[in-house]
Amino acid sequence: MLDLAKHIVNQKTSTFEPEKFEDHYEAALTELINQKRSRKPIAAKARPKGENVVDLMDALKRSIANDRGSEPAKGKRPRKAAAGQKEMLLPISGKPAAKAEAKKKSLRRRGPGKRA
């Protein structure tokens, strides 16, 4: 990890060129001070709207509206599989009968009246 950090720092290291640096905060503060000096009303600036910006709340609402049309009837939702479950587990019919049959066979081997 230390080698990776050194590599990243070395790749991103360059000389500082102050003429390329633009301080947006200082420019906005200077503009605000000039507005106050000239006694102009100060109002919040509108944020610039990006071209490829997606409103997440609108996208979520559209998604929910689309899902409601394909929703199954209430009370008939499929059960979720447990973690690690690879196939549907169903009760095996006849399991209690198999235990009873095994018990009968063990009693036959021992004979009548004998207990284990």
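Procedures and definitions
- Residues numbered from 1 in each chain as written.
- Predicted model: local features only at pLDDT ≥ 70, side-chain atom pairs only at ≥ 80, totals over all residues.
- Heavy atoms only, no water.
- Salt bridge = Lys/Arg side-chain N within 4 Å of Asp/Glu carboxyl O.
- Buried < 20%, exposed > 50% of the residue type's maximum accessible area, 1.4 Å probe, protein only.
- Helix = DSSP H or I, 4+ residues; strand = E, 2+ residues; numbered from the N terminus.
- Expected span 1.5 Å × (residues − 1).
- Polar contact = N/O pair within 3.5 Å; in protein donor to acceptor, adjacent residues only side chain to side chain.
- Patch = residues over 30% accessible without salt bridge, like charges linked within 9 Å, V, L, I, M, F, W, Y side chains within 5 Å.
- Areas by Shrake-Rupley, 256 points an atom, 1.4 Å probe, with all protein chains shown as cover.

A short note on the pattern of salt bridges
Enumeration over the complete set of coordinates arrives at 1 salt bridge. We note a salt bridge from Glu-17 to Lys-20, for which the minimum N-O separation is 3.2 Å. The class of Glu-17 is partly exposed, set by a relative accessible area of 31%. Taking the relative accessible area as the measure of exposure, Lys-20 reaches 67% and is therefore exposed.

A word on helix α2 (residues 24–37)
In this model α2 runs 20 Å from its N-terminal to its C-terminal C-alpha over 14 residues, within 8% of the 20 Å that 1.5 Å per residue would give. The N-cap residue of α2 is Asp-23: its side-chain oxygen and the backbone nitrogen of Tyr-25 are 3.3 Å apart. Trailing α2 by a residue or two, Arg-39 shows a phi angle of about 55°, which is positive.

Quick word on a nonpolar patch on the surface
Taken together, Tyr-25, Leu-29, Leu-32, Ile-33 and Ile-42 make up a surface patch of nonpolar side chains, about 460 Å² in accessible area. Along the polypeptide, Ile-33 turns up in helix α2. The partly exposed category is assigned to Ile-33, whose relative accessible area is 38%.

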